[in-house]
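Chain by chain, the residues run as shown.
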Amino acid sequence: MKKQIVLGAILLAVCIAAGSASVYAQETQDTQTPQTQTQTAAADETNFETQLYLLVGTNQDVADPKIPASLDSVMKQLRASLPYKNYRLATTLVNRVKNEGRLDVNSISGPFVPVTSSQNIPQTTPSQFKIRQVKLVRENGQPLVQMSGFYFSSRMAIPVGAAVASNAPAPPAFNYESATLSTDISIREGEPVVVGTLNTGPSGDAIILVVSAKRTQK
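Predicted model, so just to flag it, every value in this text is computed and none were measured. (Residues numbered from 1 in each chain as written. Predicted model: local features only at pLDDT ≥ 70, side-chain atom pairs only at ≥ 80, totals over all residues. Heavy atoms only, no water.)

Overview of the pairing of strand E1 (residues 47–58)
With respect to burial, E1 is a largely interior element, eleven of its twelve residues being buried. Examined bridge by bridge, E1 and strand E2 (residues 86–98) share twelve bridges and lie antiparallel to one another. Considered in E2, the bridge of Asn 47 is made with Lys 98. (Buried < 20%, exposed > 50% of the residue type's maximum accessible area, 1.4 Å probe, protein only. Helix = DSSP H or I, 4+ residues; strand = E, 2+ residues; numbered from the N terminus. Pairing = 2+ DSSP bridges.)

Right, dumping it as structure tokens:
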């Protein structure tokens, strides 16, 4: 009889504990306000438009020195800190990525290094741009766009070699050299930021990477 009483008490305690856990879980779910649920759903559906600007700093004259007005603040910073006479916009990469998503882009642009008259030097430059994760975060109450695993790499054709006789076979007049940058950054939404610079070889020019990101509604 005593064993039955003890067994019954144990079963009753287990049932009470299970019921309490169920009630706690329901209460926890109920404490999520409609505003919190809306913010969570909005974050899940957030898309970003990213813009990567490839600027070239040079001491040579440039045919088109025009820089987008959106980079005015960046240009003030560059002219104050880098000793280049001129800047030009080599290319702009615009892409869309979902919050907590990744980005992987392969692109071909014009040459970053001035091309000579030699027909053996490629007139294009292959590049790769990757971000392992783009994520909306908050720091001190301010929204930031976190870019984990930001990676940029470009294979540039660097002129080399000496002149040969006009009737001789044309040798390769360039070497491919890779310029790579990898980092983790957080930026303010909609504010262009200089990520870093890459030297382009004997020319003394530099590639300047500028990135920005903003939320989109579509």
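Anyway, onward from the coordinates.
Digging into the nonpolar core
Core analysis: the biggest nonpolar cluster contains 28 residues, and Leu 52, Phe 129, Met 147, Phe 150, Phe 152, Leu 209 and Val 211 have the highest contact counts within it. Listing elements by their share of this core, those giving two or more residues are E1, E2, strand E3 (101–109), strand E4 (125–139), strand E5 (142–159), strand E6 (174–188), strand E7 (193–199) and strand E8 (206–216). The element contributing the most residues to this core is E5, with six residues. In contact with Met 147, not counting residues within four places along its chain, are Thr 50, Ile 131, Gln 133, Thr 183, Asp 184, Ile 185, Ile 187, Val 211 and Ala 213. Formed by twelve residues, the second largest nonpolar core is a distinct cluster that contains Leu 55, Ile 67, Leu 78 and Val 210. (Core = buried A, V, L, I, M, F, W, Y, C linked by side-chain atoms within 4.5 Å. Contact = heavy atoms within 4.5 Å.)

Description of the pattern of salt bridges
This model, assessed by the stated rule, comprises two salt bridges. Two residues, Glu 189 and Arg 215, come together in a salt bridge whose shortest N-O distance is 2.7 Å. You can see Glu 189 sitting in the loop between E6 and E7 and its partner Arg 215 sitting in strand E8, a full 26 residues away along the chain. Of the residues examined, Glu 189 reaches a relative accessible area of 27% and is grouped as partly exposed. (Salt bridge = Lys/Arg side-chain N within 4 Å of Asp/Glu carboxyl O.)

Thoughts on helix H3 (residues 72–81)
When we look at burial in H3, the residues that qualify are Val 74, Met 75 and Leu 78. Down the axis of H3, the smallest arc covering the buried residues is 95°, so these residues share one side. Of the residues in H3, the exposed ones pointing more than 90 degrees away from the buried face are Lys 76 and Ala 80. Elements in contact with the buried residues of H3: E1, E2, E7 and E8. (Arc of directions from axis to C-beta.)

Section: the sheet that holds E5
The four strands are arranged E3-E4-E5-E6 in an open sheet whose pairing can be described as antiparallel. Two strands lie at the open edges of the sheet, namely E3 and E6, each paired on one side alone. If you compare each strand with its neighbour and ignore which way they point, the axes differ by 15° on average. In the sheet, E5 pairs with E6 via 14 bridges, with the strands oriented antiparallel. Within E6, the position partnered with Leu 144 by the bridge is Arg 188. (Axes fitted to C-alpha atoms, helices over the stretch in contact; angles between N-to-C directions.)

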